[in-house]
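If you want the building blocks of each chain, they are given just below.
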Amino acid sequence: MFMFTENFLAKLASFNPKFNEPLAKYTTWQIGGPAEILVRVKSSEELAAVVLVCREFGVKYTILGGGSNVLIADRGLSGVVIINQSTRIEILSSQEFKEIPKIPTVHRTFGNQYYTFDDLDYVDTGPLVLVKFDSGVSLPYAIGWLHKQGITGLQWFAGIPGTIGGALFNNIHGGSRHFSDNFYSAVILAEGVRRTVDCEYFNFGYDQSILRSRPDLVILEVTLQLPRGDVQKAKQIYQEWNKRKQIQPKHTCGCVFKNISPEDQQRLGLPTPSVGYIIDQILGWKGKTCGKLQISNWHAAFMENLGGATAAEALSLIQEVRQAVKAKLGLELELEISLLGFSESELAKLR
């Protein structure tokens, strides 16, 4: 718990802070205790301003966008939680583009039981254009806005409720695509200074970027290079991908674990790298519960909040799955989600 000074609270007052605000309603998993202070920001300038105030007074801060891909502890989060929201998007005039390194695909799905993407995949062609987004722009809003401007390239991320900043943080995937496939540059706040950085800075990987290990870095803006492609086809792909994702349960954080590597898949003779397949077909744990949290009956890569689930239950079920997979296959499953507000002793149980 922080002792907030009057000067700190006075500087934060214009952002209408809420005190002891429950965080469950700000996450897709609907799990999490309260924030000591919660503020909403509507632009990259406001985000930078709140972060700088927190740093000035030595107050911890946590930035949330769409609240997916996170598990927040039942005790909540100390300091300030910043809900990053914006709708600002700008098409740039620059015509300088970059060759972007592609990341190997390791998340194909298998069988009729799970959704597949292969039949929808295609090369999205057309002249490139640079588009700059505030980090708090939601992905669904961004995709719709781009289509109205005749720009495609993000339709692969249909059904993902996060923000542009969150997409960069996790380097999200959709089908065979990663968010970094279209990355051009980003404006970050590092040690209180705005910097423009390129692709190499982020060390992108499968559901991975440098941001996961550098909480001191704040993403303010993201510029992508995107094609003026076939919008009607992109819309059809978006709608069909959304439709197939309807098998995903509600009230989850997304996939809890990363899929296994192609090398491990080959070594074990598995037909797919899908962790959902492993939990379902090898462990036989589809439908397994811990309190009010359940490994989904629809898709075993997801854990579903049946109503009133706690972070303690989630952590316990995650630990059980990891231990069972290690015992059965000798694999150390990696988390795809971020754990926020947990103690070192709690996190040690997952190591």
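See above for the structure.
Because the structure is a prediction, the values reported are computed rather than measured.

J.: It is not clear to me how the overall build of the protein should be interpreted in this structure. Could you clarify?
T.: For the protein, the count of helices and strands is 10 helices and 16 strands. Over its C-alpha atoms the protein spans a radius of gyration of 20 Å, differing by no more than 12% from the 20 Å that the globule rule assigns to 351 residues. Considering the protein as a whole, with its 351 residues, one finds that 54% of them fall into the buried category. Relative to all contacts within the protein whose residues are 6 or more apart in sequence, the contacts with residues 24 or more apart total 73%. If you sum the accessible surface of the protein, you get close to 15,500 Å²; carbon and sulfur atoms cover 50% of it. Treating the 36 positive side-chain charges of the protein as one cloud and the 35 negative ones as another, the clouds have centres 3 Å apart.

J.: Please clarify how the sheet that holds strand E3 (residues 61–64) should be interpreted in this entry.
T.: The strand order across the open sheet built from 4 strands is E1-E2-E5-E3, with neighbouring strands paired in mixed fashion. Among the strands making up the open sheet, the edge pair consists of strand E1 (18–22) and E3. Averaged over neighbouring strand pairs, the angle between their axes works out to 45° when direction is ignored. Where strand E2 (residues 34–41) meets strand E5 (residues 77–84), 6 bridges bridge the pair, whose relative direction is parallel. Along E5, the bridge assignment pairs Val41 with Asn84.

J.: Help me out: how do you make sense of helix H6 (residues 231–244) in this one?
T.: Working note: α-helix, 3.6 residues per turn, so residues spaced by three or four point in the same direction. Under the 1.5 Å per step criterion, the end-to-end length of H6 is 20 Å for 14 residues, consistent within 8% with the ideal 20 Å. Between the side-chain oxygen at the start of H6 and the backbone nitrogen of Gln232 there is a gap of 3.2 Å, and the oxygen is on Asp230.

J.: I keep staring at the nonpolar core and nothing clicks. Help me out?
T.: A general trend in soluble globular proteins is that nonpolar side chains are found buried together. Core analysis: the largest hydrophobic core is formed by 43 residues, its most contacted members being Val131, Phe133, Leu168, Phe179, Phe183 and Phe202. For this core, the elements supplying multiple residues, two or more each, are strand E7 (128–134), helix H3 (139–148), helix H4 (164–170), strand E10 (183–190), helix H5 (199–202), strand E12 (218–227) and H6. Not counting chain neighbours up to four residues away, the residues in contact with Phe133 comprise Arg88, Ile89, Ala142, Leu146, Ile164, Leu220, Glu221, Val222, Leu224 and Leu226.

J.: What's the story with the pairing of E7 in this structure? I'm lost.
T.: Within a regular beta strand, the side chains point alternately toward one face of the sheet and then the other, so they alternate between its two faces. Burial runs high along E7: 5 of the 7 residues are buried. Pairing of strand E6 (residues 89–91) with E7, which is carried by 3 bridges, proceeds in the antiparallel orientation. Across the sheet, Glu90 pairs through a bridge with Lys132, a residue of E7.

J.: Mind showing me how you'd approach the packing of aromatic side chains here?
T.: Note on aromatic pairs: each is described by the distance of the centres and the angle between the planes. By the definition in use, this model includes 8 aromatic pairs. When the ring of Tyr201 is compared with that of Phe202, the centres are 5.4 Å apart and the planes differ by 80°; the resulting orientation is edge-to-face. Taking relative accessible area as the criterion, Tyr201 reaches 21% and is therefore assigned partly exposed. On the basis of relative accessible area, Phe202 is assigned to the buried category, the value being 0%.

J.: Is there a simple way to think about the pattern of salt bridges in this case?
T.: It is possible for side chains of opposite charge to pair when their charged atoms get near one another. The tally for this structure, following the rule as stated, stands at 16 salt bridges. In this structure, the salt-bridge partner of Arg322 is Glu332, at a minimum N-O distance of 3.4 Å. Taken together, the residues Arg322 in helix H9 (residues 311–329) and Glu332 in the loop between H9 and strand E16 (338–340) connect sequence positions 10 residues apart. Judged by relative accessible area, which is 15%, Arg322 ranks as buried. Where Lys326 meets Glu332, a salt bridge forms, and the shortest distance between an N and an O atom there is 2.8 Å.

J.: What should I look at first to understand the state of the cysteines in this one?
T.: Where two cysteines share a covalent bond between their sulfur atoms, that bond is called a disulfide. This model, assessed by the stated rule, comprises 0 disulfides. Counting only cysteine sulfurs, Cys253 is the nearest neighbor of Cys290, a cysteine outside any disulfide, at a range of 15 Å. A relative accessible area of 16% means that Cys290 is categorised as buried.

J.: Looking at this structure, how should I read H9?
T.: Taking 1.5 Å of rise per residue, the 19 residues of H9 would be expected to cover 27 Å, and the 27 Å separating its terminal C-alpha atoms lies within 8% of that figure. Count one or two residues on from H9 and you reach Gly330, which has phi positive near 75°.

J.: Hey, could you run me through unusual backbone geometry in this one?
T.: Peptide bonds are, in most cases, trans, and in most cases residues other than glycine have a negative phi. Of note in the backbone geometry, Asn171 takes a positive phi value of approximately 45° without being a glycine. Counting through the fold element by element, Asn171 comes out in the loop between H4 and strand E8 (173–174). Exposure remark for Asn171: the relative accessible area of 0% places this residue in the buried category. One non-glycine residue, Glu191, adopts positive backbone phi at about 55°. Note that Glu191 resides in the loop between E10 and strand E11 (193–197). Exposure remark for Glu191: the relative accessible area of 75% places this residue in the exposed category.

What counts, and where the lines are drawn
Residues numbered from 1 in each chain as written. Predicted model: local features only at pLDDT ≥ 70, side-chain atom pairs only at ≥ 80, totals over all residues. Heavy atoms only, no water. Helix = DSSP H or I, 4+ residues; strand = E, 2+ residues; numbered from the N terminus. Rg over C-alpha atoms; globule rule 2.2 N^0.38 Å. Buried < 20%, exposed > 50% of the residue type's maximum accessible area, 1.4 Å probe, protein only. Contact = heavy atoms within 4.5 Å. Areas by Shrake-Rupley, 256 points an atom, 1.4 Å probe, with all protein chains shown as cover. Lys, Arg positive; Asp, Glu negative; His and termini not counted. Charge placed at Lys NZ, Arg CZ, Asp CG, Glu CD. Pairing = 2+ DSSP bridges. Axes fitted to C-alpha atoms, helices over the stretch in contact; angles between N-to-C directions. Expected span 1.5 Å × (residues − 1). Polar contact = N/O pair within 3.5 Å; in protein donor to acceptor, adjacent residues only side chain to side chain. Core = buried A, V, L, I, M, F, W, Y, C linked by side-chain atoms within 4.5 Å. Phe/Tyr/Trp six-rings, centres within 6.5 Å; stacked < 30°, edge-to-face > 60°. Salt bridge = Lys/Arg side-chain N within 4 Å of Asp/Glu carboxyl O. Disulfide = S-S within 2.5 Å.

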